[in-house]
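# Survey of secondary and tertiary structure
Listed here are the chains, written in short residue letters.
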Amino acid sequence: MRSPSLEEGPPVTAVLTREEGLHYYRTMQTIRRMELKSDQLYKQKIIRGFCHLYDGQEACCVGLEAAIKPTDHLITAYRAHGYAYTRGTSVREILAELTGRKGGCAKGKGGSMHMYAQNFYGGNGIVGAQVPLGAGIALACKYFGKDEICLTLYGDGAANQGQIFETYNMAALWKLPCIFICENNRYGMGTSVERAAASTDYYKRGDYIPGIRVDGMDILCVREATKFAAEHCRSGKGPMLMELQTYRYHGHSMSDPGIRYSKKDCVNLLYWLIYIQGLLSG
Amino acid sequence: MLASGPGPLRAGVWGRLVPWAAGPRRHAAHFTFQPDAESSAHGQTQKMNLFQSITSALDNTLSRDPTAVIFGEDVAFGGVFRCTVGLRDKYGKDRVFNTPLCEQGIVGFGIGVAVAGATAIAEIQFADYIFPAFDQIVNEAAKYRYRSGDLFNCGSLTIRAPWGCVGHGALYHSQSPEAFFAHCPGIKVVIPRSPLQAKGLLLSCIEDKNPCIFFEPKILYRAAVEQVPVEPYYIPLSQAEVLQEGSDVTLVAWGTQVHVIREVATMAQEKLGVSCEVIDLKTILPWDTEAVCKSVVKTGRLLISHEAPLTGGFASEISSTVQEECFLNLEAPISRVCGYDTPFPHIFEPFYIPDKWKCYDALRKMINY
């Protein structure tokens, strides 16, 4: 689905090689296992503080990473473990950070919400605050002229923050190479999107910024849409907005007992895709 | 598998045995809550913890004031700290309602509600999130009456927010931002130490004809339990309370830290034979200069303690005023035992907070000055 300001959308078909398929699968499974383990460790009080788990949304981070280069930039909010991994932090460093040890990627000082890596600007606790930052990074990309872009992520809850709209305006005005990505997992903490937003068409919220709505549970959709958006930004046409419709299996954080049921599992989806296509070795 | 329980060796996360002190020390609280004595001065009382005393105050308000409304993120189901449980069912969704995730909008909206004449009680989910609303509070709420020559005011606005360290909050769930607002004439800032204080002070804030910010120590929500009157009662703002009289040192704090300094006073008496006067400041702005100065004139020594960072913390304001008013009475430099000038840490919280040992140490230095 795309907003009227886009003349054509991303392709509806994709090519997946065996190597890619297995790599994506392995990455998504690793993240899934890591998040489930973190859940366990939290309940054992080995991880303390706040812990916002990403399981269910793996196709988003893996799909995004598949479409961009390591020299591109990414910033997101606090549900960041998946991105810390795809942007190059090891599982060991992530778990060490979660448990507050100095081997962690932020020396144990940041915890769950504040993980950083090369070209990955976190890991941000205050809802929506990372979005203007993302536009700033995009400005630097444009200024340095190295054909880099910035992916600026936020959630459906953050979409109602004033600073998001301020950022849209600046990015469009100055044609910044910024892809705004709304990870819409239908719930801002415990509040469903219908109760929080006058318009749940998050991909249209950018108004004059062209937007597309993407099935965030299908990794190939995410990848192709991101490639399209990245091309748009790199060609100097200005920012784009992507809404990834996805789902988280845990509550907002480990303090939220919310149990959600989803029929779609992005990891399973990929598994069956590569199985059916005969890409798994005999 | 992980072994559990105390003992010299314990299986660490990676499955290898690592030396571990007996029991997980960092789970122990840094204070012991000291309830006030039960009193029947305001009628029948009920056992309540801090969040229940807040609910009681809000319940009283909604029942007596037909214009009162409560709004904020997630308040409808009862709030993330259960302060508004049952209120929506009792008073209706027109009076207790959720807002989207927009602090600036919440406070701006609250100012509008108050200016129009209704009683607005806005909840900011954590004091750490109040900063998007800072402009609205400082530039709009605080100045409305003054700039309109008293034609308009938003005095019926009260902003409530959970405040202070909680053991595991880290950077964005532990802050004590009272000092930022102390610098703003036109608002009042109030911080209770207990359920009994909270209900009386909150009701006073709601009644007060100025916009008020009411910070609730989140670590006390469940930990503090007292007998609290069911009917409304009012504790006056801008009046500090002397909890314990003494002759040698004045200790001043607010919120959770009051319980820490009470313990320090006991330690000082037992170990050093030093008699401490313990003051709960309660209202940060406008603060009770008279009570503190009167005490320092008597004792000659002052120690102020708060979790917020040292530089620019409210202790610096108290210190400055006291040295102006009581210079010749001072026997030692005024001591401030506060958080370090860093963001509130994740894993280092036990080292960061001004615990009783740091306070005791500072007190000893003052006595020996």
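The sections below set out a description of the structure shown in this document. Note that this is a predicted model, so its numbers are computed, not measured.

## Observations regarding the overall build of chain B
Broken down by element type, chain B carries 13 helices and 16 strands. Here the C-alpha radius of gyration of chain B, 21 Å, is about what a compact globule of 369 residues would show, namely 21 Å. C-alpha extents for chain B along the principal axes are approximately 65 × 60 × 40 Å. Split into buried and exposed, the 369 residues of chain B put 57% on the buried side. In chain B, once contacts between residues fewer than 6 apart in sequence are set aside, the share between residues at least 24 apart is 80%. Just so you have it, chain B exposes about 15500 Å², and 54% of that area is on carbon and sulfur atoms. Each charge sign in chain B was given a centre, from 32 positive and 38 negative side chains, and these centres are 6 Å apart.

## Here we look at helix α10 (residues 289-299) of chain B
Residues and elements named next belong to chain B. Within α10, the full set of buried residues consists of V292, C293, S295, V296 and T299. Taken down its axis, α10 places every buried residue within 160 degrees of arc, on the same side. Away from the buried face of α10 by more than 90 degrees, exposed residues E290 and K294 are located. On its buried face, α10 sits against β12 (249-253), β13 (276-280), β15 (302-309) and α11 (314-326). Just past α10, the residue G300 takes up positive phi, approximately 85 degrees.

## Considering the packing of helix α3 (residues 103-115) of chain B against helix α4 (residues 134-141) of chain B
Residue and element names in this part refer to chain B. Look at α3 against α4: their axes get within 8 Å of each other, and the N-to-C directions meet at 25 degrees. When the interaxial angle is binned, α3 and α4 end up roughly parallel. Touching Q104, V107, G108 and I111 of α3 are Q136, I137, E140 and A141, all from α4. Here the contact of α3 with α4 is composed, by residue class, of 4 nonpolar, 3 polar and 1 charged.

## Some words on the pattern of salt bridges
All names here are of chain A. By the definition in use, this model includes 27 salt bridges over all chains. Across the pair E224 and K227 runs a salt bridge whose closest N-O atoms are separated by 3.7 Å. Taken as a pair, E224 and K227 lie in helix α8 (residues 219-234) at a separation of 3 residues, close to a single helical turn. When its relative accessible area of 11% is taken as the criterion, E224 is described as buried.

Criteria and cut-off values
Residues numbered from 1 in each chain as written. Chains lettered and ligands numbered in written order. Predicted model: local features only at pLDDT ≥ 70, side-chain atom pairs only at ≥ 80, totals over all residues. Heavy atoms only, no water. Helix = DSSP H or I, 4+ residues; strand = E, 2+ residues; numbered from the N terminus. Rg over C-alpha atoms; globule rule 2.2 N^0.38 Å. Buried < 20%, exposed > 50% of the residue type's maximum accessible area, 1.4 Å probe, protein only. Contact = heavy atoms within 4.5 Å. Areas by Shrake-Rupley, 256 points an atom, 1.4 Å probe, with all protein chains shown as cover. Lys, Arg positive; Asp, Glu negative; His and termini not counted. Charge placed at Lys NZ, Arg CZ, Asp CG, Glu CD. Arc of directions from axis to C-beta. Axes fitted to C-alpha atoms, helices over the stretch in contact; angles between N-to-C directions. Parallel < 35°, antiparallel > 145°, perpendicular 65-115°, else oblique. Nonpolar A, V, L, I, M, F, W, Y, C, P; charged D, E, K, R; others polar. Salt bridge = Lys/Arg side-chain N within 4 Å of Asp/Glu carboxyl O.

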